[in-house]
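Coordinates in review
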Amino acid sequence: MEARILNEFRAIVGASGLITEPEQLSTYECDGLTMFRVLPLAVLLPTSTAQVQAIVRVCHREKIPFVARGSGTGLSGGALPVAKGIVISLTRMDRILEVDLPNQRVVVEPGVINLNVTARVAPDGYFYAPDPSSQVVCSIGGNVAENSGGAHCLKYGFTTTHVLGMEVVLSDGSLVHLGGRTVDRPGYDLPGVFVGSEGTLGIATKVILRIVKKPEVIQVLLAAFNSTNEAGAAVSGIIAAGMLPAAIEMMDNLAIQAAEAAVQANYPNCGGLLLVELDGPAPEVETLMEEVADVCTKCGAWEIHVAQSDAERARVWTGRKAAFAAVGRLAPAYIVQDGVIPRTALPHVMSEIVRLSSEVGLRVANVFHAGDGNLHPLVLYDSGVPGQDKLAETLANDILRLCIKAGGSITGEHGVGEEKKMFMAEMYAEPDLETMQLVRCAFDPENLSNPDKVFPRPRLCGEKPGVYEPHPLEVAGVAQRF
Amino acid sequence: MPAASGVMTQVSWPELAEIVGKEHLRAATAADAIDGVEVQMVAEPGTAEDLARALRWAHAAGLKVSPRGGGTKLGWGNPPAACHLVLSTARLNRVLEHAWADMTVIVEAGCRVADLQKTLAEHGQQLALDPLWPERATIGGILSTNDSGTLRARYGSLRDLIIGTTVALPDGALAKSGGKVVKNVAGYDLAKLFTGALGTLGVMVQAIFRLHPLPRESRGLSFSGTPESLNQLLLAIQASKLTFTGLQLRAAQGSAHLDVRFDGTAAGIQAQVKQIQQIAGLLAASDAPANAWTSHQAIWDGASPALMTKFSVLPAQFAAVCALVERVAGAQSLAWKVVAQGVGAGYARLEGNEPGLRTALLTLRDELVKMGGTLVALACPVAIKRGFDVWGPPSDAQPLMVRVKQRFDPDGTLNPGRFVGGI
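Residues numbered from 1 in each chain as written. Chains lettered and ligands numbered in written order. Predicted model: local features only at pLDDT ≥ 70, side-chain atom pairs only at ≥ 80, totals over all residues. Heavy atoms only, no water.

Moving on: the pairing of strand β5 (residues 95-99) of chain B. All names here are of chain B. In this sheet, strand β6 (residues 104-108) lies alongside β5 in antiparallel orientation, the contact comprising 4 bridges. Bridge pairing in β6 links A99 to T104. Between the end of β5 and the start of β6, which pair antiparallel, lie 4 residues, with M103 showing a positive phi angle near 55 degrees. (Pairing = 2+ DSSP bridges. Helix = DSSP H or I, 4+ residues; strand = E, 2+ residues; numbered from the N terminus.)

Let's shift gears to the domain arrangement of chain B. All names here are of chain B. Each domain of chain B was delimited in the assignment, giving domain 1 (3-90), domain 2 (95-213), domain 3 (217-290) and domain 4 (299-385). Domain 1 puts 5 residues into the contact, and the matching count from domain 4 is 5 residues. Note on domain 1 versus domain 4: buried area summed over both sides is about 470 Å², and carbon and sulfur give 57% of it. Of all residues in domain 1, D35, W76 and P79 bury the most surface against domain 4, accounting for 79% of the area lost on that side. The tally of links between domain 1 and domain 4 comes to 1 salt bridge. (Domains from an automatic or database assignment. Contact = heavy atoms within 4.5 Å. Buried area = accessible area lost by both parts, 1.4 Å probe. Salt bridge = Lys/Arg side-chain N within 4 Å of Asp/Glu carboxyl O.)

Disulfides are covalent bonds that connect the sulfur atoms of two cysteines. Residue and element names in this part refer to chain A. Applying the stated criterion to the full structure yields 1 disulfide over all chains. The closest cysteine sulfur to the non-disulfide-bonded C270 is located on C296, 11 Å from its own sulfur. For C270, a relative accessible area of 5% corresponds to the buried category. (Disulfide = S-S within 2.5 Å. Buried < 20%, exposed > 50% of the residue type's maximum accessible area, 1.4 Å probe, protein only.)

For chain B, the average pLDDT comes to 95, and 98% of its residues sit at 70 or higher. Of the regions scoring below 50 in pLDDT, residues 1-7 of chain B engages in 13 contacts with residues more than four places distant in sequence or in other chains. (pLDDT = per-residue confidence, 0-100.)

Looking now at the sheet that holds strand β9 (residues 174-178) of chain B. Residues and elements named next belong to chain B. Pairing in this open sheet of 5 strands is antiparallel, and the strands run β5-β6-β10-β8-β9 from one edge to the other. With partners counted over all chains shown, the strands left at the sheet margins are β5 and β9, one partner each. Pairwise comparison of adjacent strand axes, ignoring direction, gives a mean angle of 10 degrees for this sheet. In this structure, β6 lies alongside strand β10 (residues 203-210), joined through 5 bridges in antiparallel fashion. Note on β10: the bridge partner recorded for I106 is I208. Contacting β5 and β6, helix α3 (residues 113-121) runs over the sheet at an angle of about 35 degrees to β5. (Axes fitted to C-alpha atoms, helices over the stretch in contact; angles between N-to-C directions.)

Residue and element names in this part refer to chain A. A full pass over the atoms with the stated rule returns 41 salt bridges over all chains. Among the salt bridges present, the one from K206 reaches E167, with a minimum N-O distance of 3.5 Å. Taken together, the residues span a long stretch of sequence, with K206 in strand β10 (residues 203-210) and E167 in strand β8 (residues 163-169) at a distance of 39 residues. Accessibility expressed as a relative area gives 32% for K206, which makes it partly exposed.

Residue and element names in this part refer to chain B. With antiparallel pairing, 8 strands are arranged side by side in an open sheet as β15-β12-β14-β13-β17-β18-β16-β19. Bordering the open sheet on either side are β15 (285-287) and β19 (374-379), each of which pairs with just one other strand. Taking the axes of each pair of neighbouring strands and ignoring which way they run, one obtains an average angle of 20 degrees across the sheet. Looking at chain direction, strand β13 (residues 244-252) and strand β17 (residues 335-341) are connected through 5 bridges and run antiparallel. Residue pairing for β17: L249 is matched across the bridge by A340.

Quick look at unusual backbone geometry now. All names here are of chain B. In this chain, S304 is followed by P305 through a cis amide linkage whose omega measures 0 degrees. With respect to the helices, strands and loops of the structure, P305 is situated in the loop between α10 (295-298) and β16 (306-312). One non-glycine residue, S333, lies in positive phi territory at about 55 degrees. Take S333: it is sitting in the loop between α11 (318-331) and β17.

A few words now on the pairing of strand β6 (residues 105-108) of chain A. Residues and elements named next belong to chain A. Burial of β6 is two-sided: the residues R105 and V107 facing one way and the residues V106 and V108 facing the other way are all buried. In this sheet, β6 lies alongside strand β5 (residues 96-100) in antiparallel orientation, the contact comprising 4 bridges. Each bridged residue has a counterpart across the sheet, and for I96 the counterpart in β6 is V108. Adjacent in sequence and paired antiparallel, β5 and β6 are bridged by 4 residues, among which Q104 carries a positive phi angle near 60 degrees. As judged from the 4 bridges shared by β6 and β10, these two strands associate in the antiparallel manner. In the sheet register, V107 faces β10, and the bridge partner there is I208.

Further remarks concern the packing of helix α9 (residues 228-240) of chain A against helix α11 (residues 282-298) of chain A. All names here are of chain A. Interhelical geometry of α9 versus α11 gives an angle of 140 degrees and a closest axis separation of 9 Å. The interaxial crossing formed by α9 with α11 has right-handed handedness. Contacts between α9 and α11 pair A234, G237 and I238 from the former with V292, V295 and C296 from the latter. (Left-handed = near helix turned anticlockwise from the far one by under 90°.)

The subject of this paragraph is helix α2 (residues 48-60) of chain B. All names here are of chain B. If you check α2, its first and last C-alpha atoms are 18 Å apart, about what 13 residues at 1.5 Å a residue would give, namely 18 Å. For α2, the full list of buried residues reads A48, D50, L51, A52, A54, L55, W57, A58 and H59. Against the buried residues of α2 lie α1 (13-20), β3 (65-68), β4 (85-88), β8 (162-168), β9 and β10. One or two residues past the end of α2 sits G62, with phi positive at roughly 75 degrees. (Expected span 1.5 Å × (residues − 1).)

Many analyses report the size of an interface as the accessible area lost when the parts associate. Chain B puts 77 residues into the contact, and the matching count from chain A is 91 residues. At the boundary of chain B with chain A, total buried surface from both sides reaches about 6600 Å², with 58% on carbon and sulfur atoms. Summed over the shared surface of chain B and chain A, the result is 5 salt bridges. Taking the shortest distance from any N to any O, the salt bridge between B:R152 and A:D184 comes out at 2.7 Å. Between chain B and chain A we count 30 residue pairs in polar contact (both at pLDDT 80 or more) in total. Examining the composition of the side of chain B that touches chain A, we find that 7 residues originate from one element, helix α14 (residues 398-408) of chain B, more than from any other. (Polar contact = N/O pair within 3.5 Å; in protein donor to acceptor, adjacent residues only side chain to side chain.)

Next up, the structure:
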């Protein structure tokens, strides 16, 4: 990067806010998806909205692509740097700016850690509902980019449900406010579009969150089944009975073994384990928990246990939330997928996963948000064995195709990022993707904000939508379509 | 050709008749006019593809188009700059797939809300939304106006219920986003963009929703008091661990009520009724009147001329809004009524004389904006609407919204002038 630009960046963020040494830059070369790595030209660590604006203005003038990054826990390569671009790390913008308990609003900077929001309001009986498994480290800005979910989004909704508005630096450096503290603000629902846009529409520098009152009672039930199919039938039975649990999670035997080895969650050793959490008024939870237990018994559960204390409940959840990392004890490497299927397709998709897995001879551990059909198959492999990484990738991709075929989605909460962008063309038709690109072109016509993510090919925003016309850059031979 | 719609060169309507079928294209009548702007023709395509073709044809012919469902909220928004063709979704009225075990439904935009609910109830399920005039309003209509009712206290608004959509764009494209699974972050969430866009970006032809079970039991309570005491109670209920599915403030000259609804098991409801009485202290509860939960609809009826506004504030500001409306109405000798949902959105109705309504509207708008809230004039005499943006002052995101509009509808074919800041 030219010295004059680096000097300009240094003037904005100070020497301590600019990283250019290769060994330091390598910290930022990937996010939670480590198979893709790109070294950025520089990493900037702004401490204010004004600094973010100033940085982006320079990028806009010099046509330098930028990637915003929170805690870097993303699992789809969304925060992967782009070559010849910079990374803007928001970790130093980590202040909780305002807590308004009567109106249940909290205003934060993007670098605030998810769990810190809950920690701040918990003494008053509130919590911030989206609870991705990485919530002890992931940031609100990253959650906004990915529309993060978590185990409890079955009942409480996703990040988009709990974000009312945000301050955004657009790719030309201008500042806009989308949504606000009050609901139903006139105009297009741009916060609804911005949440989950994976950093492609701009950088959120302030976020208005809604917090939720803690329920009177929370109970979690563990039910052990011989198979995930039996456990799946119980999930359908619970839903059919008209209940909306706070969470329904499922783990197969391999995932249980991993969690046990890692955190000793005291899970029964079984083929399919169900965790069902109910919350609400005490008499209601009591009645419904009995119904859940009945359904489970009818579907073949041979052990049913309701966690008796807060400590036991916490341990149950620790096991579930540690499952990804725990699988690292079973194999040197793994790929985690994030496909979603209609709940009723679970038995079919599960048996297909078993078939595919035995065909290639690789083990697959399964952890599901079963209530909403979000699968997290973990394909285990040994990168030391030549060719196994390719086999694993093929298997993981085949599982995604199963999800698409079942009428589902390629991602429920991890995002498309770099990893799954080629699958967008399998899940959506060309007009669907073209239409999404219209939004991108309205926000970022020069394709500077996290370019080359989410979509299989970036749209050149000079194109007229609809009928194909070659872009002037194509005519000039500067750009090419793929 | 009506003057308001500008001069137009020859339009070959038989071409459109060929697309939608001769019997489904008719000359517009006075009843089809939108805010006094006359319409030329009304087309009722029978399929999503035909609707897209009709829209592409109209766009190519340089016509201005307004989509229409049940027509119950056609007067919302600014008067259109022009409208030559109404594209009605009346024949796109099927429930395509109720996957009750997955708790999702795929429905065409022209399906009436009550018809959808009837189908869903066969399996004990509902679209957890109680919008205005469900017997006549359509799915596309409630989506385009982002309508909601008392259930949003628990289930949120349409943005929280819609999981997929198909829209027709002016260039004739039929574009899908989302899908039929409740959890899905693949690509931009266009369903949210189109919800509340008043048909200015495209025409919704299909929607997919997540569903909820119908409640096993339900009970409503009402409290009477001053707006101040009831606002305090509302905040106390929100800050409690009660799991209400409705929380509504009703106020008019000299009376105010707070309605609370609990759904669930009999035991759960009973326990919560006990708890709420402890929270309410001296304010005594009675069973909510049967019509309490349709008062957001009843407030639309009354004497004319009238002004119907939708306001949005923070929940702690309800009492201040009631005081403001009372003061402003009093100054102009107008009758007033407020029905507000606990999340912060509500309707205020003023009745009386046109000059008084105009003055009151301007004051209400200014004061609510000062409070950090918003005020939209949903229905009022057209003369008041002219020269006044019913949506309110544009935000700093207005240029961005204009760019979004330009990308989706570069020639301003759809509902020109009706949305925020003249979009």
